Amino acid sequence: MFSTEQSCWFIRKVICWRAAASIAWAVLLLPPITAVFVILSRFSLLHPIHTISECFSLLMSASAIFSFILLCGVIIMVGFLNLEYYTVIPTIACSKIAMFGQLLHPRQFVNTLVHCIMGIIVAWCCAVTIGGRYETLGYPCTQSDGSTQMCLNEYHLILLLAGAFVGFSHSLLGVIYNMNYVSFTTVQQYKYLRFKGSLPLVVKCSATQALYSIRNYIVVYFFLGHIPRAWICKTLNLHLNSSIHTLDSIAGLLDLSLLYHMWISATFLLFTWYITLLLFRIFVTEVYSFPVQSSFTEDAHQCLPKVLSEKQSVIVKFLALQDLALLSQHSPSRRCEVFSLSQPGGHPHNWNSISRECLSLLADLTQRLVAYHDTVATNGRAKSLSTGSERKSSSGTSVTSGTEEFMSPRPTLLMKTPASVFARSIGRGQQSPLTAPFTPELDSPFTSPSLRRLTAPLEQCSPWYGTVQSPHVMRRAPKLWSASTDSQINGSCPPSPASVPSPQQETSKPSLLTQFLQNRKEQVKNFLAKRVLIMYLFNKLPEASSQALFADSQAHIWALEGLSYLVQASFSEDQFGVVQTTLPSILSCMLGLQEAVDRHFKLPHASSKPLRWSSSMGDSTYKTLRFALRATLKTAIYRITTTFGDHLNAVQVSTEHQKRLQQFLEYKE
Amino acid sequence: MCSLALFPPPLPYGQSTLCESNNELLSGTNVEDGQNQESSPLSLYFPRESLKLHSRTESSSKAAFLDHSETLWMRSAAAWRDGGLTGLLTEITNSYTEVPKWLSMSSGCTLALLRSVSSLHGSLFPHLTLSSEDMIAEFSQVLDWSDCVVRAFAWHPHADKFALALLDDSIKIYNPKSATTPTLKHRLQRSVAAVQWKPLCASALAVACQNCLLVWHVDPCSLSTRPSSGCAQVLSHPGHSPVTSIAWSPSGSLLVSASPVDTAVMIWDVAAESCVPLQRVGGGGVTFLSWSPDGSHVLASTPSALFRVWETRMWTCERWPCVKGRCQSGCWSPDGSRLLFTVQGETVIYALTFTDTPAGIPSSTSKGPQAASVVADLSETTFTTADGDIIVGGEIQSLVWDPRGERLAVLLKGDSQSTDRPAIIAVFKTRTSPIFELLPCGFVQGEPDAEPRLMQFHPNFQHGALLTVCWSTGRITHVPFYFLSAGVPHFGLSGSPLLPRPQDGPSVLAGQSLFSELLS
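Quick caveat, the model's predicted, so the values are computed rather than measured. (Residues numbered from 1 in each chain as written. Chains lettered and ligands numbered in written order. Predicted model: local features only at pLDDT ≥ 70, side-chain atom pairs only at ≥ 80, totals over all residues. Heavy atoms only, no water.)

A few points about the pairing of strand β28 (residues 424-431) of chain B
All names here are of chain B.
For step 1, the next point in the chain: Counting buried residues in β28 gives seven out of eight residues, a clear majority hidden from the surface.
For step 2, the next point in the chain: Where strand β27 (residues 407-412) and β28 come together, six bridges link them in antiparallel fashion. Note that in β28 the partner of Ala409 across the bridge is Val427.
For step 3, the next point in the chain: Relative to strand β29 (residues 437-444), β28 runs antiparallel, the two sharing seven bridges. (Buried < 20%, exposed > 50% of the residue type's maximum accessible area, 1.4 Å probe, protein only. Helix = DSSP H or I, 4+ residues; strand = E, 2+ residues; numbered from the N terminus. Pairing = 2+ DSSP bridges.)

Quick look at the packing of helix α12 (residues 314-330) of chain A against helix α26 (residues 553-573) of chain A
Residue and element names in this part refer to chain A.
For step 1, the next point in the chain: Two elements in contact, α12 and α26, have axes whose closest approach is 8 Å; the angle formed by their N-to-C orientations is 30°. Taken together, the axes of α12 and α26 are roughly parallel relative to one another. Here α12 and α26 pass one another in a crossing that is left-handed. Together, Phe318, Leu321, Gln322, Leu324, Ala325, Ser328 and Gln329 of α12 and Gln554, Ala555, Trp558, Ala559, Glu561, Gly562, Tyr565 and Leu566 of α26 make up the contact between the two elements.
For step 2, the next point in the chain: Residues that form the contact of α12 with α26 fall into these classes: nine nonpolar, five polar and one charged. (Axes fitted to C-alpha atoms, helices over the stretch in contact; angles between N-to-C directions. Parallel < 35°, antiparallel > 145°, perpendicular 65-115°, else oblique. Left-handed = near helix turned anticlockwise from the far one by under 90°. Contact = heavy atoms within 4.5 Å. Nonpolar A, V, L, I, M, F, W, Y, C, P; charged D, E, K, R; others polar.)

As for the UniProt feature "transmembrane region" (unreviewed entry) in chain A
All names here are of chain A.
For step 1, the next point in the chain: Annotation from UniProt places "transmembrane region" (unreviewed entry) at residues 20-43, 55-81, 112-134, 155-177 and 262-284.
For step 2, the next point in the chain: Spanning residues 55-81, this segment combines 96% helix with 0% strand, and its end C-alpha atoms are found 32 Å apart.
For step 3, the next point in the chain: Between the first and last C-alpha atoms of residues 262-284 the distance is 33 Å; the span itself is 100% helix and 0% strand. (UniProt positions renumbered as here; feature names shortened; annotations may be inferred.)

Some remarks on unusual backbone geometry
Negative phi characterises most residues that are not glycine, and trans characterises most peptide bonds.
For step 1, the next point in the chain: Cis geometry marks the peptide bond from Ser241 of chain B to Pro242 of chain B; its omega dihedral reads 0°.
For step 2, the next point in the chain: Residue position: Pro242 of chain B is located in the loop between β11 (232-235) and β12 (245-248).
For step 3, the next point in the chain: Positive phi, close to 55°, is recorded for Asn178 of chain A, a residue that is not glycine.
For step 4, the next point in the chain: In this fold, Asn178 of chain A is placed in the loop between α6 (154-176) and α7 (191-224).
For step 5, the next point in the chain: Of note, Asn237 of chain A is a non-glycine position whose phi angle comes to about 55°, a positive value.
For step 6, the next point in the chain: Taking the relative accessible area as the measure of exposure, Asn237 of chain A reaches 57% and is therefore exposed.

Structural notes on helix α29 (residues 655-665) of chain A
Residues spaced three or four apart along an α-helix face the same direction, because each turn holds 3.6 residues.
All names here are of chain A.
For step 1, the next point in the chain: Along α29, the positions that sit buried rather than exposed are His657, Arg660, Leu661, Phe664 and Leu665. The arc that holds the buried residues of α29, viewed along the axis, is 145°, so those residues lie on one side. Looking at α29, the residues exposed on the side facing more than 90 degrees away from the buried face are Thr655, Glu656 and Lys659.
For step 2, the next point in the chain: Packed against the buried residues of α29 are α27 (578-601) and α28 (625-644).
For step 3, the next point in the chain: Backbone geometry just after α29 places Tyr667 at a positive phi near 55°. (Arc of directions from axis to C-beta.)

A closer look at empty space enclosed by the protein
Residues and elements named next belong to chain B.
For step 1, the next point in the chain: Taken as a whole and judged by the stated rule, the model has 11 cavities of 30 Å³ or more.
For step 2, the next point in the chain: What the largest cavity holds in volume is close to 110 Å³.
For step 3, the next point in the chain: In terms of lining residues, the largest cavity is bounded by Lys161, Ile173, Tyr174, Asn175, Ser178, Thr180, Pro182, Trp197, Val218, Asp219, Pro220 and Ser222.
For step 4, the next point in the chain: When its residues are assigned to classes, the lining of the largest cavity shows six nonpolar, four polar and two charged. (1 Å grid on protein atoms, 1.4 Å probe; cavity = no way out; pocket = protein on both sides within 12 Å on 5 of 7 lines; lining within 4 Å. Points joined across faces, edges and corners; volume = space filled by probe spheres on them.)

Topic: a nonpolar patch on the surface
All names here are of chain A.
For step 1, the next point in the chain: The grouping of Val219, Val220, Phe222, Phe223, Leu224, Ile227, Ile250 and Leu254 at the surface amounts to a nonpolar patch, some 770 Å² of accessible area in total.
For step 2, the next point in the chain: Per element, the largest residue contribution to the nonpolar patch is five residues, and it comes from α7.
For step 3, the next point in the chain: In this structure, Val219 sits in helix α7. (Patch = residues over 30% accessible without salt bridge, like charges linked within 9 Å, V, L, I, M, F, W, Y side chains within 5 Å. Areas by Shrake-Rupley, 256 points an atom, 1.4 Å probe, with all protein chains shown as cover. Salt bridge = Lys/Arg side-chain N within 4 Å of Asp/Glu carboxyl O.)

A word on the environment of Leu549 of chain A
For step 1, the next point in the chain: Here Leu549 of chain A is to be found in helix α25 (residues 544-549).
For step 2, the next point in the chain: Spatially, the C-alpha atom of Leu549 of chain A lies 7.6 Å from that of Leu369 of chain A, the residues being 180 residues apart in sequence.

Focus on the state of the cysteines
For step 1, the next point in the chain: Under the criterion given, the structure shown has one disulfide over all chains.
For step 2, the next point in the chain: Linked covalently through their sulfurs, Cys141 of chain A and Cys151 of chain A form a disulfide whose S-S length is 1.6 Å. A residue pair is termed long-range when its members are at least 10 positions apart, and Cys141 of chain A in strand β1 (residues 138-142) and Cys151 of chain A in strand β2 (residues 148-152) qualify at 10 residues.
For step 3, the next point in the chain: Given a relative accessible area of 0%, Cys151 of chain A falls into the buried group.
For step 4, the next point in the chain: Take Cys336 of chain A: it sits in no disulfide, and the sulfur closest to it among the cysteines is that of Cys303 of chain A, at 16 Å.
For step 5, the next point in the chain: The closest cysteine sulfur to the non-disulfide-bonded Cys19 of chain B is located on Cys441 of chain B, 11 Å from its own sulfur.
For step 6, the next point in the chain: Given a relative accessible area of 13%, Cys19 of chain B falls into the buried group. (Disulfide = S-S within 2.5 Å.)

Structural notes on the sheet that holds strand β15 (residues 274-279) of chain B
Residues and elements named next belong to chain B.
For step 1, the next point in the chain: One open sheet accounts for four strands, arranged β12-β13-β14-β15; its pairing is antiparallel. Sheet topology places β12 and β15 at the edges, where each strand pairs with a single neighbour. Taking the axes of each pair of neighbouring strands and ignoring which way they run, one obtains an average angle of 20° across the sheet.
For step 2, the next point in the chain: Note: strand β14 (residues 264-269) against β15, six bridges, orientation antiparallel. Of the residues in β15, the one forming a bridge with Val265 is Leu278.

Some words on the packing of aromatic side chains
For step 1, the next point in the chain: Scanning the model with the defined rule gives 38 aromatic pairs over all chains in all.
For step 2, the next point in the chain: Aromatic pair Phe7 of chain B and Phe428 of chain B: ring centres 5.2 Å apart, planes at 85°, arrangement edge-to-face. With Phe7 of chain B in the segment before β1 (15-21) and Phe428 of chain B in strand β28, this residue pair connects regions lying 421 residues apart in the sequence.
For step 3, the next point in the chain: Classification of Phe428 of chain B by relative accessible area gives buried; the value is 0%.
For step 4, the next point in the chain: Measuring from centroid to centroid gives 4.8 Å for Phe153 of chain B and Phe162 of chain B, while their planes differ by 35°, and the two rings are tilted. Across the pair, Phe162 of chain B and Phe153 of chain B agree in class, each one buried.
For step 5, the next point in the chain: Each residue in the set Phe46, Phe153, Trp155, Phe162 and Tyr174 of chain B is aromatic and connected to the rest through ring pairs, giving one cluster.
For step 6, the next point in the chain: The positively charged end of Arg639 of chain A is found above the aromatic ring belonging to Tyr565 of chain A, 3.8 Å away from the centroid.
For step 7, the next point in the chain: Just above the ring of Trp145 of chain B sits the side chain of Arg151 of chain B; from NZ or CZ to the centre is 3.8 Å. (Phe/Tyr/Trp six-rings, centres within 6.5 Å; stacked < 30°, edge-to-face > 60°. Lys NZ or Arg CZ within 6 Å of the ring centre and 35° of its normal.)

This is how it looks when you write it as structure tokens:
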């Protein structure tokens, strides 16, 4: 109850105000952006002065003010959606099907719908502002028989639909590129300078993205444009003017002025939204300075040690860790408070709770990596060894007996895509046939080495099903994907035997039946292998599991930095020696993590660098977090060893870690 | 204040400086010197003839092939790929027989317009008209970079090893404790302007190249003598080449790079391969970067008469306009509170003092000094030696300060045309606390006809300071300065602090103090 109250305090007092400030700035920036848009959309080379004076008179008109109010509403709505949908830990889809699951999630559906509507509103404002042939939806026209009717203005319609399409694709790309992910920068800058620095990128992104969206939209409209047109005509009782040809033809769409206006409207739309997003990111990730200790007990829950142990809200924890990393680097007086003793009693409460929290974060990551590595390694070996022997015979005794292979079940049939709720339902629906191709068989057509690795994490549940499983591995299993959101936890590895398909239960029966089943399985597998769509959907995306494992590593990076800087400072600043008591556990925790990270990077795909695209507003920082973590970890250990030097030989750590430390002391890592 | 006249005269011909001991520089003849060289494993010699140089560049090999007629489309595409917009326009203008007249006319006009704009830009910032090789030579800390056998040199900040870049674009890593000397070569490793090891890391080496930045990861335990180019990370940003200067943050987390063409300083997060440009108007580029040892400030000089001092917490900067020319070189005192710098066209060393920020205020910029003070005047001075008059002094190429803040080495440009104005290294004794003082120490000279090109202090020499000098002959020598440290040990130094002891014979030196804060 207490912590709920506390996180409420922070969300209410800080995050909401920051979001409100970012929205206010976005609204304030709207008039200049609109002015630029008006000038660009109505500019004519032949009468430059005339255009500008016309633009000014337009900006003062009542319709402009009305559409401006509408645009403000849209901006506020976008800002609100940003606040509602943002995350500091990205959701990483491990396969295409998981990605579809995310796209079809009801929450995402609402988001898409709202974006479409907002797109239509912005497009309507654009149409009114551009004026001319775009201004109204209907206009009086004379039909061939001489009668006057209200006719549909297709130019207006195409612009409105373009707005809807751009809003739709913006929302879609938001999921694919993780646009709701808010990353923290390593370089602290003032908000204005950060904004100024990213402005050219936003202009570039919105222009290129608008270009692509409009290109796609034209293709869609060319083929399907007649459907909405007919529907609008029918509902609003408008007629088509038969004297002018329709726009879903090549001649109609090859109108340069129309294309330009669509593109500039889409750019305007995306630019205002991106600016809102950018401002939101800048404001939310701004450093917040928590007090280390407070003299008043009612403020105690706002202090750094308390906030660090916060479980409710991730953003609070992230900001607290960021503050810890910065204070440990730059602020001697606040470090002094961390090292201080409590007044009555003389306990180092501040340091204890801070170090405990950081160490538990790091230990959690270590455990996650070890569990992941165990699963991947055992699955890798399961190709040649039996499932049963793999765990016990860790010394690598090659018990490759064919019979044992049949004896031990290979419960690889379940489709386990961690991030996908959707995938689970499919897996239930059609169990064995669908999932059969994910068994990495050497003779299957999927046995490209990369794929074999890719499919391996899919079967992460397999070692836990069956006979000989150590219970602690069982316990660790759900941890594997806990890095990410709730949906991932839900999607990960239900260890219930109920989900194991029934044919598997019979595998221990006479081998004739097993043989038969195996053959069938092969056939189904081969059959499905030829279905490109299924392959496409269920293929693991390379390195996605690695990315998902390190999705929240920004917190670990800060914890490492904070701890190492504090330990470094303690060499000269810690008067009471409070750090010395925890030094062995810090060292062994870091060395343990170092070992786990080293082992993880030996896995294929873990050390391959992701492709980067620069012209997107999506933040791809999460793709390289694991490299950043590896570098920070090494630097952190070196920081401690360089500071303490040979004194570290007196610190009590296990012999293995002692050896490792010696390597660091000799600069051989 | 003045000057070089207080220095002991340069050594006679044939003698070279060996070391400093008991407060004086000892010299030896060539023979002794040679023996000394052999005994020390780290003294290296790279004869110019031993290096295989690129005989011709890639683009000039075009002339060796017969002209092959391609379609206009193919040629245009190739021109777009090779030369960008200007290349395409040139191609279209040149092939006026095949394209419509209006197209060739308009592209010719656009080309002329572009050229006039770029020449206008070039007249504002003359350095932009230089080729990238010339630009590196102009702004490098190395004296006469283009003719240098050893183009860049870097000691590892913690371990006893160093990396050096040679004229043939390879980098070698020497470690006295290991038999292997890895040679690093990469397709993109051209015209290396600077190398630097990452602090708090055993393996990462950043290299500033003509077109990009490379970060090598050389495993110190590996036995391989030719690490593959897969060990190198390529960091590039459009419009940020050639890179002439790089600097790691002392905490090892960030790397900054500068290019005279780009007005932005790039801050790289090397592991994530992402960069943040710090753009400021004015200056026309950034030529030289130096991170203060305590990590609080970065000096960034520009090609025009202006330099900036960045504060690294919130990355704000102070502008320092110079009167005469650009800031050529600079170095920081070990505690990061004092910056010494030199200006092109002047023969003096300036000092700026930065006071620490009041602790606890998170985002305030440090209150900088109001004006720079002159601490040393190195104008030309004539020494009469047995071999005739020698003129020493003049413009300064680079400054280095040893990690304890006790010796300051100044590389004087001299004049390579005349024999009586040699390039020479002048070494000062310095004291930073309680007050800043500058005392003469002596000149460091090498074997006959060898010009010093590049110098660096060893980052943690136990017995004083160790100056490594790369000579024009391709020889690398190490000159130790043996002294007992009078100051406090520098930040982050391992081991127990050294006991403060008074410097030997302060009364003798006090009489010839060049600069003292008490006097100024």
